[in-house]
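Notes for the structure review
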Amino acid sequence: MWFQKEIRLPAVKRGFHLITDLLTAQLPELENYKVGLAHIFIKHTSASLCINEDADPTVRQDFESHFNQMVPENAPYYRHTQEGSDDMPAHLKAALLGSSVMVPISDGEFNMGTWQGVYLCEHRNHASKRTVVVTLQGEGY
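How each quantity is defined
- In every chain, residue numbers begin from 1 and rise along the written sequence.
- At least 70 in pLDDT is required for a residue's local features to be given in this predicted model, at least 80 for side-chain atom pairs to be given and counted, and no such filter applies to totals for whole chains, interfaces and linings, which use all residues.
- With hydrogens and water excluded, all non-hydrogen atoms of the structure serve as input to the side-chain values.
- UniProt positions are given in the numbering used here, feature names are shortened, and annotations may be inferred rather than shown by experiment.
- Helical segments are the DSSP runs of H or I of at least four residues, strand segments are the runs of E of at least two, and each set is numbered from the N terminus.
- Residues adjacent in sequence count toward polar contacts only when both atoms are side-chain atoms; beyond that, a polar contact is any pair of N or O atoms within 3.5 Å, and within protein one must be able to donate a hydrogen and the other to accept it.
- When accessible area is computed with a 1.4 Å probe and restricted to protein chains, residues below 20% of their type maximum are described as buried, those above 50% as exposed, and intermediate ones as partly exposed.
- We call a set of buried Ala, Val, Leu, Ile, Met, Phe, Trp, Tyr and Cys residues a nonpolar core when their side-chain atoms join them within 4.5 Å.
- Here a residue-residue contact requires only that any non-hydrogen atoms of the pair lie within 4.5 Å.
- By salt bridge we mean one thing: a side-chain nitrogen of Lys or Arg within 4 Å of a carboxyl oxygen of Asp or Glu.
- Should DSSP find at least two bridges between two strands, the strands are regarded as paired.
- With axes taken as lines fitted to C-alpha atoms, and helix axes fitted only over the stretch in contact, angles between N-to-C directions fall between 0 and 180 degrees.

Labelled according to an unreviewed UniProt entry, the protein chain appears under the name Secondary thiamine-phosphate synthase enzyme, originating from Pontibacter indicus. Regarding the protein chain, the UniProt comment filed under Sequence similarities (unreviewed entry) reads as follows: "Belongs to the UPF0047 family."

Thoughts on the side chain of histidine 123
Following the sequence through the fold, histidine 123 ends up in the loop between β7 (116-122) and β8 (130-140). Side chain to side chain, histidine 123 and serine 48 meet in a polar contact 2.8 Å long.

Focus on unusual backbone geometry
Positive phi values are uncommon outside glycine, yet asparagine 74 reaches one of about 60 degrees. Assignment of secondary structure puts asparagine 74 in the loop between α2 (57-70) and α3 (87-97). Phi is positive for aspartate 107, close to 50 degrees, though the residue is something other than glycine. Note on placement: aspartate 107 falls in the loop between β5 (100-106) and β6 (109-110). The exposure class assigned to aspartate 107 is exposed, which follows from its relative accessible area of 55%.

Quick look at the nonpolar core
With 22 residues, the main nonpolar core has Leu23, Ile40, Phe110, Val118, Val132 and Val134 as its most contacted residues. The set of elements that each furnish at least two residues to this core consists of β1 (2-9), β3 (33-42), β4 (47-53), β5, β7 and β8. The residues contacting valine 132, other than those within four sequence positions of it, are Lys5, Glu6, Ile7, Leu9, Leu23, Ile40, Phe41, Ile42 and Leu49. Counting residues in hydrophobic clusters, the runner-up holds 6 residues, among them Phe16, Cys50, Phe63 and Tyr119.

A word on the pattern of salt bridges
Summed over the entire model, instances satisfying the criterion amount to 7 salt bridges. For glutamate 29, the salt bridge goes to lysine 5, with nearest N and O atoms at 4.0 Å. Within this pair, whereas glutamate 29 is found in the loop between α1 (20-26) and β3, its partner lysine 5 is found in strand β1, the two being separated by 24 residues in sequence. Residue glutamate 29 is classed as buried on the basis of its relative accessible area, which comes to 19%. A network of salt bridges, in which partner residues are shared, links Arg14, Glu64 and Glu73.

Some thoughts on the environment of proline 104
Inspection of the secondary structure puts proline 104 in strand β5. If we skip the residues at most four places from it in the chain, proline 104 touches Gly36, Leu37, Glu109, Phe110 and Asn111.

A word on the sheet that holds β1
Taken in spatial order, the 5 strands line up as β1-β8-β3-β5-β6 in an open sheet, and their pairing is antiparallel. Single-partner strands in this sheet number two, and they are β1 and β6. Strand direction decides the pairing type here: β3 and β8, joined by 9 bridges, are antiparallel. Within the sheet, the bridge partner assigned to valine 35 lies in β8 and is glutamate 139.

Re the sheet that holds β7
With antiparallel pairing, the 3 strands of this open sheet are ordered in space as β2-β7-β4. Where the open sheet ends on each side, the last strands, each with one partner, are β2 (15-18) and β4. Each strand of the sheet is rotated relative to its neighbour by a mean of 35 degrees, with strand direction disregarded. Both β2 and β7 contribute to a ladder of 4 bridges, which runs antiparallel. Pairing of phenylalanine 16 across the sheet is with cysteine 121, part of β7. Along the sheet face, α2 touches β2, β4 and β7 and points at about 150 degrees away from the line of β2. The strands touched by α3 within the sheet are β2, β4 and β7, with β4 carrying the most contacts at an inclination of about 50 degrees.

Structure, rendered in structure tokens:
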């Protein structure tokens, strides 16, 4: 059984944002899957997705601080600079983190660890709404 849906995410400020509950709310079709996989893909090159700690918000702050230090703005060797000082770093951060995550589905729900959540990693200062494509595959009830 296959299902695919595009979900438009709200515009958010630069940083790491939990979107697990938003995805679940937009995917009532999850209930139809006994066992399967959810592939979540972001259709952008300056934002990314990852799975990590969902309980303590300081983890998300630390992610942002670390990535800003690891991939600084205004590096003298950047050539792609016409779209602002945050653009090339955003592309690099997105390449490091990736454009998709895979989440198991069990009994109609995402099957993640107790402290795991899906992050939208927004790397631009003034980003617009982002779009993800969610593909569900698996065995139905």
